[in-house]
Amino acid sequence: MRLQSLIVLLGTAPLALAWLPTDQGRSLSTFTNTNTTKIRGVNLGSHFIMEKWMASSEWSSMGCGDYKSEWDCVKGIGQDAANAAFKTHWQTWITKDDITRMYVDPPQFYQSDDNAERAYKFYEWIREQIHNNRSAFKNVGALELVNEPLQNTENADTNWMVEHFYPSAIDRIRAKESVLGVSDADALHVTLMKEKLLFDDHNYEIYLVRNAETIDDMITDACGDNRTSNVSPKVVGEWSLAFDNTGDNFLPMTGDHAKSYSKWFSAQQRQYEALDGWVFWSWKTDTVPNIEQWNYQSMFLSYH
């Protein structure tokens, strides 16, 4: 089972301020100190759970190059070697410097008590950073615990998530806030991916723009992709600039095309701004072709 936590954040560029949600009864000063009303952020893909396509060089350097999954790699190289390799990955793939630059959207992991403990420690660490560095983290107000959970089903995984992970994660966050002396009014909102709480819409335009003949056509398609619905509150929690169109009309995503792709980003963003916000996938990749499609960090270096 894949779990992912979400810090509602502010990002790296002028596009990215953070969230002032409509609160139900809580006066949260971290929100009322800003003028924004939107979630804007970026995910930390391949941090706590590796996706080989996003981090193939990293995967190889860990000794996992011939394996298809974390499970296969651990089984193949042995537990001790895997422990060392993954520890190094977690320490270096997303660093404190990255988080300082973006105030971001963290971990994924497979269901287990050990992996849950890693998540709890991250929640505690980021809560401490938010508390101790108010000027930098003044717009961070919420923490989402699980990304894309199984729904409308009951099995060992969902039971573990609902009966164990949710309450224990919330307890650890609240206990850390107590130690830090955080008042109830300034406690983080802990959110779940569920209607009536916060609906997380994942939208990849790659499926919409396949028949586009130019980048301008892609921009037009994105401008027409209205994501509003009767579901509220709602964010687009994953999106990218990915496409599989080929030829000189589309590639490379740099040089003369850079301004067009900046417009395509803005066309999608404009649709998501009509909702309660958006979170781009992802902050970092390594050797993905046309890296700007998925790499927020590289994209802004290229387009700004």
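Since we're looking at a predicted model, the values are computed, not measured.

*Asks:* So what exactly am I meant to see when it comes to the nonpolar core here?
*Replies:* The nonpolar side chains of a soluble globular protein tend to be buried, and buried together. In this structure, Y123, L145, F165, W264 and F280 are the most contacted members of the largest nonpolar core, which totals 59 residues. When residues of this core are traced back to their parent elements, those giving at least two are helix 4 (79–92), helix 5 (96–102), helix 6 (113–132), helix 7 (156–180), helix 8 (215–223), helix 9 (258–273), strand 9 (277–280) and helix 10 (296–303). Membership of the second largest hydrophobic core comes to 7 residues, among which are M54, W281, V288 and W294.

*Asks:* Mind showing me how you'd approach helix 9 here?
*Replies:* Along an α-helix, a turn takes 3.6 residues, which lines up residues three or four apart on a common side. In this model, helix 9 (16 residues) spans 22 Å end to end at C-alpha, consistent with the 22 Å of a helix rising 1.5 Å per residue. Buried residues of helix 9: A258, S260, Y261, W264, F265, A267, Q268, Q269, Q271 and Y272, and no others.

*Asks:* Which parts of the structure should I look at to understand unusual backbone geometry?
*Replies:* Working note: non-glycine residues mostly have negative phi, and peptide bonds are mostly trans. Cis geometry marks the peptide bond from L251 to P252; its omega dihedral reads -5°. By the element assignment, P252 lies in the loop between strand 8 (234–238) and helix 9. Residue S282 is bonded to the preceding W281 through a cis peptide linkage, with omega at 15°. Here S282 shows up in the loop between strand 9 and helix 10. One non-glycine residue, S46, adopts positive backbone phi at about 65°. Here S46 is to be found in the loop between strand 3 (39–42) and helix 2 (56–61). Judged by its relative accessible area of 0%, S46 is buried. Positive phi, normally seen in glycine, also occurs at N290, with a value near 50°. Summarising the element assignment, N290 is placed in the loop between strand 9 and helix 10.

*Asks:* It is not clear to me how the pairing of strand 3 should be interpreted in this structure. Could you clarify?
*Replies:* The side chains of a regular strand alternate, first on one face of the sheet and then on the other. Both faces of strand 3 are covered, namely the face carrying I39 and G41 and the face carrying R40 and V42. Inspection of the sheet shows strand 3 paired to strand 9 by 4 bridges, in the parallel sense. Of the residues in strand 9, the one forming a bridge with G41 is V279.

*Asks:* Before we go on, may I ask you to explain the packing of aromatic side chains in this structure?
*Replies:* Aromatic ring pairs are reported here in terms of the distance separating the ring centres and the angle at which the planes meet. Summed over the entire model, instances satisfying the criterion amount to 18 aromatic pairs. Relative to W264, the ring of F243 lies with its centre 6.2 Å away and its plane at 75°, an arrangement referred to as edge-to-face. Of this pair, F243 sits in the loop between strand 8 and helix 9 while W264 is found in helix 9, placing the two residues 21 residues apart along the sequence. Each member of the pair, F243 as well as W264, carries the same accessibility label: buried. Between Y261 and W264, the ring centres sit 6.5 Å apart and the planes meet at 65°, which makes this aromatic pair edge-to-face. Taken as a pair, Y261 and W264 lie in helix 9 at a separation of 3 residues, close to a single helical turn.

*Asks:* What exactly am I supposed to notice about the state of the cysteines here?
*Replies:* Two cysteines form a disulfide when their sulfur atoms are joined by a covalent bond. Tallying each qualifying case throughout the model produces 1 disulfide. The disulfide partner of C64 is C73, and the gap between their sulfur atoms is 1.9 Å. Since a negative S-S torsion denotes a left-handed disulfide, the C64-C73 link at about -60° is left-handed. This pair shows no difference in class: C64 is buried, exactly as C73 is.

Reading guide: rules and limits
Residues numbered from 1 in each chain as written. Predicted model: local features only at pLDDT ≥ 70, side-chain atom pairs only at ≥ 80, totals over all residues. Heavy atoms only, no water. Core = buried A, V, L, I, M, F, W, Y, C linked by side-chain atoms within 4.5 Å. Buried < 20%, exposed > 50% of the residue type's maximum accessible area, 1.4 Å probe, protein only. Helix = DSSP H or I, 4+ residues; strand = E, 2+ residues; numbered from the N terminus. Expected span 1.5 Å × (residues − 1). Pairing = 2+ DSSP bridges. Phe/Tyr/Trp six-rings, centres within 6.5 Å; stacked < 30°, edge-to-face > 60°. Disulfide = S-S within 2.5 Å.

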